[in-house]
Structures are given as C-alpha cells and as structure tokens.
Amino acid sequence: MGEQAGPYSIGSDVWPGASRLIEECGELMQVLGKLIGSGGATAHWDGTDLRARLTDELADVRAALDYFIFANSMPDAAIADRADKKRAQYERWHHGDN
Ligand SMILES: [Mg+2]
C-alpha cells in the first residue's frame, strides 16, 4: 500500500480505509443478495456455502469498520453507545415491542 495509496484507501491521509469499508460492505451485500435469491437456502448453485461466505464477509466488514473508526479518530465511545442502543431497539422490534 504505502506510496501507492490513493485518497480514501488504507495508508492515505484522506479518510483512510473508506474505500475498503465500501468494498467490504459491497461484498456483504453480494452474499446477502445471493441468500435472498436462494430463498434463504445456504447451499449456493456454485457449490459454496453461503453461511460460510456470510461469516467471512461479516468479519471483513467488522474489521474494515473498526479500522476506519480507529484510523479516522472517530469517537469510539459515542459510536459504541449508539450501537448498543440501536442493537437493543432491534431486539425489541424482533420481539414485537416498540
Ligand atoms: Mg470481503
């Protein structure tokens, strides 16, 4: 990376990791699209296991997100606090609460 890093890439001075985060989110969306297309079945027509691919892409997104937060000095505590609240809201929705 280093000297070849363009803006927004890992190693740059301009929003480092932004391009990687977008790329990984795209890969996650691709796998989720395949899962939706298969009606939820995890055995993909190309022989791969969509649950395994989903596991990989979730990890990639988490790593890219964690790196982006760190590399851009984003407010980690505020992000964690909001994420906790959002997560709790999703749990309530899942159980039919508001
Ligand atoms: Mg990936």
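Residues numbered from 1 in each chain as written. Predicted model: local features only at pLDDT ≥ 70, side-chain atom pairs only at ≥ 80, totals over all residues. Heavy atoms only, no water.

## A look at the packing of aromatic side chains
The condition is simple: Side-chain rings of Phe, Tyr and Trp (the six-membered ring for Trp) are treated as a pair once their centres are within 6.5 Å; stacked means planes under 30 degrees apart, edge-to-face means over 60, and tilted covers the remaining angles. Counting from the N terminus, the helices are the DSSP runs of H or I reaching at least four residues and the strands are the DSSP runs of E reaching at least two. Each residue is placed in one exposure class: buried if its accessible area under a 1.4 Å probe, protein chains only, is under 20% of its type's maximum, exposed if it is over 50%, and partly exposed if it falls in between.
Tallying each qualifying case throughout the model produces two aromatic pairs. With centroids separated by 6.1 Å and ring planes inclined at 15 degrees, the aromatic side chains of Trp-15 and Phe-68 adopt a geometry described as stacked. With Trp-15 in the segment before helix H1 (18-37) and Phe-68 in helix H2 (residues 50-71), the pair connects residues that are 53 residues apart, well separated along the chain. Taking relative accessible area as the criterion, Phe-68 reaches 15% and is therefore assigned buried. Here Tyr-90 and Trp-93 contribute two aromatic rings whose centre-to-centre distance is 5.7 Å and whose plane-to-plane angle is 45 degrees, an arrangement assigned as tilted. On the criterion of helical spacing, the pair formed by Tyr-90 and Trp-93 is a turn pair, its members being three residues apart in helix H3 (residues 76-94).

## What to know about the coordination of the magnesium ion
Cut-off, in case you're wondering: Coordination partners: N, O, S within 2.8 Å of the metal, 3.2 Å for Na, K and Ca; water not considered, so apparent gaps in a site are possible.
Taken together, the protein ligands of the magnesium ion are Glu-24 (OE), Glu-27 (OE), Glu-57 (OE) and Asp-60 (OD), with distances of 2.0 to 2.2 Å. Along the chain, the residues donating to the magnesium ion are arranged with the sequence spacing E-x2-E-x29-E-x2-D. Remark: Glu-57 occurs in helix H2 and Glu-27 occurs in helix H1; sequence separation between them is 30 residues.

## Thoughts on the nonpolar core
Put simply, the rule is: To form a nonpolar core, buried Ala, Val, Leu, Ile, Met, Phe, Trp, Tyr and Cys residues must be joined to one another through side-chain atoms within 4.5 Å.
In this structure, Leu-28, Val-31, Leu-35, Leu-50, Leu-54 and Val-61 together form the largest nonpolar core, which totals six residues. Looking at this core, the elements with two or more residues in it are H1 and H2.

## Describing unusual backbone geometry
Positive phi, normally seen in glycine, also occurs at Trp-15, with a value near 40 degrees. Of note, Ser-73 is a non-glycine position whose phi angle comes to about 50 degrees, a positive value. Relative accessible area serves as the criterion here: at 66%, Ser-73 is assigned to the exposed category.

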